[in-house]
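Chain by chain, the residues:
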Amino acid sequence: LTEGVAPNLLVTLDDSGSMAYAFAPDSISGRSTTRRFRSSDYNPMYYNPNTTYARPKSVTFNSRTGLISTTEYTTSYTQAYINGFKPNLGSINLSNDYLVTTTHTPDSTSQSQANHPSSDFNRTGRASAAYYYVRDNSLSNCNGTLEDDDCYRLVWVSSAEQQNFANWYSFYRTRTLATASAANLAFLSLPDNVRVTWQMLNTCRSIGSGNCSGADNRYSNYLRNFANQHREGFFSWLADLPASGSTPLRAAAQRAGNFLSTTGVNGPWAYAPGTTTSPQYSCRSTYHILMTDGLWNGSLSTDVGDTDGTSRTLPDGTAYTARAPFRDGASRNDENTLADLAFKYWAEDANTNLANGLKPFIPATNADPATQYWDPRNNPATWQHMVTYTLGLGLTRSLTNPAWGGSTFEGDYDRLRQGLVDWPQPASNQSQNVYELWHAALNSRGEFFSVDSPNDMVAAFQTILNRIAARDTSASAASLESAVATFDNEAYYARFSSKNWSGELVKYDVDSNG
């Protein structure tokens, strides 16, 4: 076998108290008894009849055989688990015991529920069969706005969609459940040579330490190849996510960035984490997936200052002076922001003992070298650094000025890039902090994904992993080839490349010359 250099992947998931919510955005919390709260058009966390809700899978490693097995979690319409990952917490019969969930803490046997809309139910507090509402602007008295309850029509769950509704209820109806299920489905196909560690905002705050608390159990989150017991541990952790506390997003980003300075056998530059330190490769890339449903608060362990607004010389000798879209504004310099942290861990050499061996990622070429270098779509960094992909849940309606256009480089991105508009000024617990996710992604040469529904979250996680695979260059790609196996006059060998995480089985006909 010949093996190349697999990337490090750091995963940060939000475990704040708002992750227990069964609605998005936060601002609709007072509308839980309305018709529209039960429609995915208004509350994208609610059941959408046009979405197929796939059940996640449990992952088990058999140490005796050395094999990984996956088994689909189960639920049913008449026995729908309130947490599909933990059937022991109880279930309900959706055919006659349904009330809409407003919040559910993932390790609890109880949940907060809302009364039915009084316009359609005589006994608003009495459980019924499961139902949802669809938006229908042809209804009488409907004025066509999203907020008008007269524009929503009641639909009882049909027999044909009962299983799909049960899947949604058990695995997607709250933010925590949707996050766990989305990450589960996306990471099932992650190759086992990728090196993975993880953390949360509150209960698991030591990334790569080997000690990560979930809601009920502890997990080893050392950086390891995504294989065997480590792979099982990651999926077990996803099934045990808690939901309690605030949103110290900056502190989590700082921990992730500081992890790149870890040395020794458990560090990000070790040849085989947990086993062998050397040799260390200068072409190993590092990516950080940072997911949240809220607006950051809390403090930093160490101030970082205004990194995106301060002139510096980058490790490759390129001079940086504050420029759009990395800076905060034409005449504003904010300090210690999420964007500052992202820029710091991109612009600084995380391991000065290694040569600058990363190959630049340049999908947007330009004849002018400076224009190409500072295009946020490109990553010219050759030094050891961290690229951050941010994922925001339930925040899209707040992205109005500058306007979000559906992806990182759409909407008002061009105005930001040209310096025609400044980034909104962030501060602890402020609504404008949603823009920090977009700003931080650009500052680290990553991407921002803003999603509102469970289905969009599944797609976002999968897209992020695909983006990381696409960035894996020939300098750091793993190329695996098996030994040749022969049978009669045929020869077979298998090969795999982490450049695009693809593989193939090749057959050759063997002639008399071999």
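Placed above this text is the structure.
For clarity, every value in this text was computed on a predicted model and none was experimentally measured. (Residues numbered from 1 in each chain as written. Predicted model: local features only at pLDDT ≥ 70, side-chain atom pairs only at ≥ 80, totals over all residues. Heavy atoms only, no water.)

Trainee: Lay out empty space enclosed by the protein in plain terms, naming residues and giving numbers.
Mentor: Within this structure, the stated rule accounts for six cavities of 30 Å³ or more. Roughly 60 Å³ of internal volume is contained in the second largest cavity. Along the walls of the second largest cavity sit Ala 253, His 288, Leu 290, Leu 338, Leu 341, Ala 342, Tyr 345, Met 386, Thr 388, Thr 390 and Ala 440, which together make up its complete lining. By residue number, the principal contributor to the lining of the second largest cavity is helix α5 (residues 338-347), which donates four residues. In the lining of the second largest cavity, the residues fall into eight nonpolar, three polar and no charged. (1 Å grid on protein atoms, 1.4 Å probe; cavity = no way out; pocket = protein on both sides within 12 Å on 5 of 7 lines; lining within 4 Å. Points joined across faces, edges and corners; volume = space filled by probe spheres on them. Helix = DSSP H or I, 4+ residues; strand = E, 2+ residues; numbered from the N terminus. Nonpolar A, V, L, I, M, F, W, Y, C, P; charged D, E, K, R; others polar.)

Trainee: So what's going on with helix α2 (residues 175-187)? Which residues, and what values?
Mentor: Compared with an ideal rise of 1.5 Å per residue, which puts 13 residues at 18 Å, α2 spans 18 Å between its outermost C-alpha atoms and is within 8% of the ideal. Of all 13 residues that make up α2, 13 are buried, and the element is covered over most of its length. (Expected span 1.5 Å × (residues − 1). Buried < 20%, exposed > 50% of the residue type's maximum accessible area, 1.4 Å probe, protein only.)

Trainee: An account of the nonpolar core is needed here, citing residue identities and associated values.
Mentor: In this structure, Leu 9, Leu 94, Tyr 98, Phe 165, Phe 187, Trp 237 and Phe 461 are the most contacted members of the largest nonpolar core, which totals 82 residues. Residues contacting Leu 94, with those up to four places away along its chain left out, are Tyr 77, Thr 78, Ala 80, Ser 128, Ala 129, Ala 130, Phe 165, Ala 166 and Tyr 169. Counting residues in hydrophobic clusters, the runner-up holds 37 residues, among them Leu 223, Phe 259, Leu 399 and Leu 437. (Core = buried A, V, L, I, M, F, W, Y, C linked by side-chain atoms within 4.5 Å. Contact = heavy atoms within 4.5 Å.)

Trainee: Let's hear about the sheet that holds strand β10 (residues 195-200): which residues, and what values?
Mentor: In space, the six strands of this open sheet follow the order β13-β10-β1-β14-β17-β18, with mixed pairing throughout. Of all the strands in the sheet, just β13 (224-225) and β18 (448-451) have a single pairing partner and so form its edges. Direction of pairing for strand β1 (residues 8-13) relative to β10: parallel, over a ladder of six bridges. Bridge pairing in β10 places Thr 12 opposite Gln 199. Sitting on the sheet, helix α9 (residues 454-471) is in contact with β1, β14 (286-292), β17 (387-393) and β18, with an inclination near 170° to β17. (Pairing = 2+ DSSP bridges. Axes fitted to C-alpha atoms, helices over the stretch in contact; angles between N-to-C directions.)

Trainee: Before we move on, can you summarise the state of the cysteines with the specific residues and values?
Mentor: As enumerated under the stated definition, the model contains two disulfides in all. In this model Cys 142 forms its disulfide with Cys 151; the gap between the sulfur atoms is 2.0 Å. Between Cys 142 and Cys 151 the sulfur-sulfur dihedral comes to about 95°; the bridge is accordingly right-handed. The pair Cys 142 / Cys 151 is uniform in exposure class, with both members buried. (Disulfide = S-S within 2.5 Å.)

Trainee: Go over the layout of surface pockets with me, naming the residues and quoting the values.
Mentor: Its volume calculated, the largest pocket comes out at about 320 Å³. Every residue lining the largest pocket is counted, 24 residues in all, and those nearest its centre are Asp 26, Ser 27, Asp 293, Leu 295 and Leu 395. Partitioned by chemical class, the residues of the lining of the largest pocket number seven nonpolar, 12 polar and five charged.

Trainee: Give me the lowdown on the environment of Thr 247, citing residues and values where you can.
Mentor: Topologically, Thr 247 is positioned in the loop between α3 (228-238) and α4 (249-259). Residue contacts for Thr 247: discarding those within four places in its chain leaves Asp 14, Ser 16, Leu 201, Thr 292, Gly 294, Leu 295, Trp 296 and Asn 297.

Trainee: Help me get a handle on the pattern of salt bridges, residues and values and all.
Mentor: Scanning the model with the defined rule gives 18 salt bridges in all. In this structure, Arg 153 engages Asp 136 in a salt bridge whose closest nitrogen and oxygen atoms are separated by 3.3 Å. Here the residue Arg 153 occupies a position in strand β9 (residues 152-156), and Asp 136 occupies one in the loop between β8 (131-135) and β9, the gap between them amounting to 17 residues. Take Arg 153: its relative accessible area is 38%, and that puts it in the partly exposed class. For Glu 348, the salt bridge is made with Lys 344, and the minimal N-O distance between the two is 3.0 Å. A residue is classified by how much of its surface remains accessible, and Glu 348, at 30% relative accessible area, is partly exposed. We classify Lys 344 as buried; its relative accessible area is 16%. (Salt bridge = Lys/Arg side-chain N within 4 Å of Asp/Glu carboxyl O.)

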